Amino acid sequence: MSDIVIEAKELTKQYKKQKAVDGASFQIRKGMICGLVGPNGAGKTTIMKMLGGLVLPTEGSFTIFGGSSEKELAHARSRMSFMIETPYAKNEMSARENLEKLRLQKGIPDRKRVDEVLEMVGLKDAGKKPVAKFSLGMRQRLGIAGALLSKPEIMVLDEPVNGLDPEGIIEIRNMLKHFNEEEEVTILISSHILAELSQLCTDYMFIRHGKLLQTLSAEELHKMCGEYYHIHTDNDPLALVTLQNKLGITDCDVLKDGSLRLFERLDELPLISKTLYENGLLPTTLHVHEADLESYYMKLVGDDNDEHNQGNAETDKA
């Protein structure tokens, strides 16, 4: 029996002249925590909406648990939960009241399930406090509690830690890890907090302009990131020219503060330092770093994110 729980082939969604998702093909296997990584407007939310049946594909197809017909997908979605955009809840009702209403709507017979999920997400002591008085973190926990009511085999979560403080982010991370490891829940999650995804995900899908650029495991990402020199001098533009002309270095990034990331000749630090000194440059920073998810992502997608975000921010939330 295949362990592929979601498979997409050339999945495309077009709004007028703009393709929000452009020929995306991917597989999600049972047990993954798969991070969907991309800027605003990249197509992350649109992919999730298509999986949830909220938006129909323009072209292409996908299967969930091997099913692709309307009837099969409806059954498959009963084994899933979705938290896309802002979790819905009635402000005048308490967490318990909201979940009880949702339990009845979903036809879940187990009355104890509401108490169980409140305990799981740390809202068991919220009492009769109306949702209107909840913090953003409490609202996110309530949204996750709603997603857990049906004991899903797959959770699809769109920016679940958006707006949370560091403590709240850690709590949600640990919670999702528990669901994945102890409850065997497969998770597809998007987030713009790349450092957080790097501590959570087993696999990644990088998306830009609606196109999937790359899919790889956390282990593969670690190997791809590798190491780099971080170089800062009293004249960084001259340092860049010097390294290019004197040592033939080409694989080098210039950061916003002007400092350099050098991805080649990593075993020649004495030569690099000597070359800088001999050309009148004073290094103020010269040490080895290991690239993280964020730096790898920025190297992958290039420098056109800001321009693209302005054009596509609304499309991704369509």
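Everything below is about the structure shown above.
As a starting point, this report considers the structure included with it. All figures in this text were calculated on a predicted structure; none of them were measured in a lab.

Examining the pairing of strand β7 (residues 186-190)
- A large share of β7 lies buried, amounting to five of its five residues.
- Of the two faces of β7, the one carrying Thr-186, Leu-188 and Ser-190 and the one carrying Ile-187 and Ile-189 are both buried.
- Note that strand β6 (residues 154-158) and β7 share five bridges and pair parallel. Residue Leu-157 lies in a different strand from β7, and its bridge partner there is Ile-189.

Overview of the nonpolar core
- With 47 residues, the main nonpolar core has Ile-144, Met-155, Ile-189, Tyr-204 and Phe-206 as its most contacted residues.
- In terms of residue count, the dominant contributor to this core is helix α5 (residues 136-148) (six residues).
- Of all hydrophobic cores here, the second largest spans 28 residues; its members include Val-5, Leu-11, Val-21 and Ile-154.

Re the sheet that holds strand β1 (residues 4-15)
- Here three strands make up an open sheet; going across it, the order is β2-β1-β4 and the pairing antiparallel. At either end of the open sheet lies a strand with only one pairing partner, and these are β2 (18-29) and β4 (59-64). Between one strand axis and the next, the sheet turns by 15° as a mean value, whatever way the strands run.
- Both β1 and β2 contribute to a ladder of eight bridges, which runs antiparallel. Paired with Gln-14 across the two strands is Lys-19, which belongs to β2.
- Where helix α1 (residues 44-52) meets the sheet, it contacts β1, β2 and β4, and its direction lies at approximately 115° from that of β1.

Remarks on the side chain of Thr-233
- Its location among the elements puts Thr-233 in strand β10 (residues 227-233).
- Residue class for Thr-233 comes out buried when judged on its relative accessible area of 6%.
- Among the polar contacts made by the side chain of Thr-233, one reaches the main-chain amide nitrogen of Asn-235 at a distance of 3.0 Å.
- Apart from residues no more than four positions distant in its own chain, Thr-233 is found in contact with Ala-239, Leu-276, Leu-281, Leu-282, Pro-283 and Thr-284.

Comments concerning the packing of α5 against helix α6 (residues 166-182)
- Interaxial distance between α5 and α6 falls to 12 Å at its minimum, and their mutual angle equals 10°. Classified by the angle between their axes, α5 and α6 sit roughly parallel to one another. On α6, the residues touching Arg-141, Ile-144 and Leu-148 of α5 are Gly-168, Glu-171, Ile-172, Met-175 and Phe-179.
- Here the contact of α5 with α6 is composed, by residue class, of five nonpolar, one polar and two charged.

Regarding the pattern of salt bridges
- For the structure on display, the rule yields twelve salt bridges.
- For Lys-19, the salt bridge identified is with Asp-22, shortest N-O distance 3.7 Å.
- The shortest N-O distance in the salt bridge between Lys-124 and Glu-119 comes to 3.5 Å.
- Salt bridges linked by common partners bring Lys-19, Asp-22 and Lys-211 together as one network.

A word on helix α10 (residues 269-278)
- Taken together, the buried positions of α10 are occupied by Ile-272, Ser-273, Thr-275 and Leu-276. Taken end-on, α10 shows its buried residues confined to a sector of 160°, consistent with a single buried face. Relative to its buried face, α10 has exposed residues pointing more than 90 degrees away, namely Pro-270 and Glu-278.
- The secondary structure elements touched by the buried residues of α10 are β10, α9 (236-247), β12 (260-262) and β13 (283-290).

Notes on the state of the cysteines
- The full count for this structure, using the stated rule, is zero disulfides.
- Here Cys-34 stays free of any disulfide, with the sulfur of Cys-201 as its closest cysteine sulfur at 7.0 Å.

Description of unusual backbone geometry
- In this structure, Glu-159 is a non-glycine residue whose phi angle is positive, near 50°.
- Mapping Glu-159 onto the fold places it in the loop between β6 and α6.
- Of note, the phi angle at His-209 is positive, near 55°, even though the residue is not glycine.

About the cut-offs
Residues numbered from 1 in each chain as written. Predicted model: local features only at pLDDT ≥ 70, side-chain atom pairs only at ≥ 80, totals over all residues. Heavy atoms only, no water. Buried < 20%, exposed > 50% of the residue type's maximum accessible area, 1.4 Å probe, protein only. Helix = DSSP H or I, 4+ residues; strand = E, 2+ residues; numbered from the N terminus. Pairing = 2+ DSSP bridges. Core = buried A, V, L, I, M, F, W, Y, C linked by side-chain atoms within 4.5 Å. Axes fitted to C-alpha atoms, helices over the stretch in contact; angles between N-to-C directions. Contact = heavy atoms within 4.5 Å. Polar contact = N/O pair within 3.5 Å; in protein donor to acceptor, adjacent residues only side chain to side chain. Parallel < 35°, antiparallel > 145°, perpendicular 65-115°, else oblique. Nonpolar A, V, L, I, M, F, W, Y, C, P; charged D, E, K, R; others polar. Salt bridge = Lys/Arg side-chain N within 4 Å of Asp/Glu carboxyl O. Arc of directions from axis to C-beta. Disulfide = S-S within 2.5 Å.

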